[in-house]
Amino acid sequence: MASQIQGAITGIGELKPVRYSEGKTTLSLIAESVRLAIQDAGISKEDVDGLLVGPQVGETPQHVPATVSEYLGIDPTMSNTVDLGGATGPGMIWRAAAAIQAGMCETVVCVLANKNEKGETLRSPNRNPIREFDVPFGASGANTSYALIKRQHMEEYGSTQEDFARIAYWHRKNAQLNPDAIFYNKPVEVEDIIASPMIADPLHLLEIVMPVAGGAAVVVTSAEKAAEGKHKPVYLKGAGEKITHRAVSQAPSIDALPFNYSIPRALDQARTNIEDIDLFSLYDCYTSVVATTLESAGLCKPGEFGDFVKNHSFSHDGDYPLNTHGGQLGFGQADLAGGMSHVVEAVHQLRGEAGNRQIPDARQALVTGNGATLSETTALVLGGER
Amino acid sequence: MSQLQNISLPRPTITPVSQPFWESIQAGHLSLQQCDKCEQWIFYPREHCPHCFHDSLTWKKASGRGRLKTWSVIHRAGHPAWQEHTPYVVGIVTLEEGPSLLTHILVEETALKHNLKVEMEISEIGPHPLPFFKKQEETK
Ligand SMILES: [Zn+2]
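Since the structure is predicted, the reported quantities are computational estimates derived from the model, not experimental observations.

Asker: So what exactly am I meant to see when it comes to the coordination of the zinc ion here?
Answerer: All names here are of chain B. At 2.3 Å from the zinc ion lie its protein donor atoms, namely Cys35 (SG), Cys38 (SG), Cys49 (SG) and Cys52 (SG). One can describe the site at the zinc ion as tetrahedral: its four donor atoms subtend angles covering 105 to 116° at the metal. Mapping the donors of the zinc ion onto the primary sequence yields the spacing C-x2-C-x10-C-x2-C. Residue Cys35 is found in strand β1 (residues 31-35), and its partner Cys49 is found in the loop between β2 (41-42) and β3 (57-61); the two are separated by 14 residues along the sequence. Neither residue differs from the other here; Cys35 and Cys49 are each classed as buried.

Now the structure itself:
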């Protein structure tokens, strides 16, 4: 039996996403995010003795933790690169708490950021199996993979375009209450989503995240130390993770995706159940990810997300508040930092500082991260009570 | 964007382990590894069996037939060189032997359906022969 995870979030910092970041480096965006998070936690940089960073930070493919430490001016006693694609953000929170419990450090900064420039060159070629067995057939990039998953769901279960479009609709609707969202003041209707250009049939443009520049950082410390902090701590109550494959051609069957393990595991560890979750902060790079996550979480049976989405409200005052900040589909996705934004929103809600989008009496949040093609999955239960 | 003129269709990045696969495609048929212990077929080529972790695998000729698990009609290609070929179809084929692979599907859009019987057709788009799949001939 795995021991109960202990740890708390005491500071968050998030940059307002922008479409293009003229003249910024990824390192500078990291520094801005970290400065905000440290300020929010009410600590100084000397209090930070742990650092978790993403892989291949822009201009820096190797020695990433050292490069970031030097740039920030910190001397951690524990640092690591976390490479879980879109699951990296939540994956960091869990690893930070584990490192603290293991005595490696006391206060960890987890940071992800990304620049985005016009006409940026393609990433360097590599020799992994995807480069050999997917790309030469005309299948590059995530759009194709998630289109294949969506088509499979439609064929095996009879789900419809409208079912998927409703998910994007709710994300855009929720983004209208967040002035920082890239799609603030740009609501859309279900029909607009279905009428938007087909990118990889059956996937429409408005079911795909908008890549942006931005960043987010989170300060994690021990539950004891968190009690001395400036804010009401947000506790890590449970975590689960599962990695099953990399390429979409190697994915397990659609009713046995890795969230089927990681979400129940996080709920079990937190000694709670899905009906006691107040905020669903679910990774949403594509509508098909949210659809299968709702099913994996046990909110509805496999194949039945369409009816579930049709019959419930996903706004902050609805029965199943979902990505109240707009999610990646409404807020924008700054590369891997798109996964951290789900953590940041959960903290805002659990602290009761989400303003006009505050969920009444939010006590527990389920936060998920998803990398590659529903390959790497992490789930966290965060709560306002220890 | 003068860069685009230099971009050609990406070729497979062949490794010593996968070399026999590509040699068989050159020779006109599909070969897969089979595990000597658990007898499961394996794709993509590896040094070991991902099912039982045995390290003795044998290359064998496969049927080249399977069923279409899922597909997508690509309108905006992820690689610039593929854009001029849009719209085209990629899909996942579950081979008769068990493994699945991602491939280019040579079936017209209106004829695409779940579990459609397909068979390999070696095609050359660009400089290298690739195992594409088309609708199975009725006689087989
Ligand atoms: Zn075996």
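Asker: Teacher, can you tell me more about the environment of Glu224 of chain A here?
Answerer: All names here are of chain A. Within the element layout of this structure, Glu224 appears in helix α8 (residues 223-226). Glu224 sits 93 residues away from Arg131 along the chain, and the two C-alpha atoms are 47 Å apart. Among the polar contacts made by the side chain of Glu224, one reaches the side chain of Arg386 at a distance of 2.8 Å.

Asker: Can you walk me through the environment of Ile182 of chain A in this structure?
Answerer: Residue and element names in this part refer to chain A. Secondary-structure assignment places Ile182 in the loop between α6 (161-175) and α7 (190-195). Separated by 29 residues in the primary sequence, Ile182 and Pro211 have C-alpha atoms spaced 9.9 Å apart. Dropping the residues within four chain positions of it, Ile182 is found in contact with Pro17, Val18, Arg19, Met210, Val212, Gly330, Phe331 and Gly332.

Asker: I keep staring at the pattern of salt bridges and nothing clicks. Help me out?
Answerer: Pairing between side chains becomes possible if they bear opposite charge and their charged atoms approach one another. Applying the stated rule across the entire model yields 18 salt bridges over all chains. Three or more residues are tied together by salt bridges with common partners; here these are Glu119, Glu121, Lys134 and Glu137 of chain B.

Asker: Could you clarify how one ought to interpret the interface of chain A and chain B in this entry?
Answerer: As a measure of interface size, the accessible area lost when the parts come together is often cited. The partner chain B presents 39 residues to the 34 residues of chain A that form the contact. Of the roughly 3200 Å² buried between chain A and chain B, counting both surfaces, carbon and sulfur atoms make up 60%. A per-residue breakdown of the area chain A buries against chain B is headed by Glu132, Phe133 and Phe137 of chain A, which together make up 22% of the total. Where chain A meets chain B, there are zero salt bridges. At the surface where chain A touches chain B, the tally comes to 13 residue pairs in polar contact (both at pLDDT 80 or more). It is helix α5 (residues 142-157) of chain A that provides the largest number of residues to the side of chain A that touches chain B, a total of seven residues. For the side of chain A that touches chain B, the per-class residue count stands at 17 nonpolar, nine polar and eight charged. Bridge count for strand β5 (residues 198-201) of chain A against strand β4 (residues 65-74) of chain B is two bridges, and the pairing is antiparallel. Within β4 of chain B, the position partnered with Ala200 of chain A by the bridge is Ile74 of chain B.

About the thresholds
- Residues numbered from 1 in each chain as written.
- Chains lettered and ligands numbered in written order.
- Predicted model: local features only at pLDDT ≥ 70, side-chain atom pairs only at ≥ 80, totals over all residues.
- Heavy atoms only, no water.
- Donors = N, O, S within 2.8 Å, 3.2 Å for Na, K, Ca; no water.
- Tetrahedral: all angles 85-135°; square planar, octahedral: opposite > 155°, others 65-115°.
- Helix = DSSP H or I, 4+ residues; strand = E, 2+ residues; numbered from the N terminus.
- Buried < 20%, exposed > 50% of the residue type's maximum accessible area, 1.4 Å probe, protein only.
- Polar contact = N/O pair within 3.5 Å; in protein donor to acceptor, adjacent residues only side chain to side chain.
- Contact = heavy atoms within 4.5 Å.
- Salt bridge = Lys/Arg side-chain N within 4 Å of Asp/Glu carboxyl O.
- Buried area = accessible area lost by both parts, 1.4 Å probe.
- Nonpolar A, V, L, I, M, F, W, Y, C, P; charged D, E, K, R; others polar.
- Pairing = 2+ DSSP bridges.

Interpretation note: all reported values are geometric properties and have no functional meaning in isolation.
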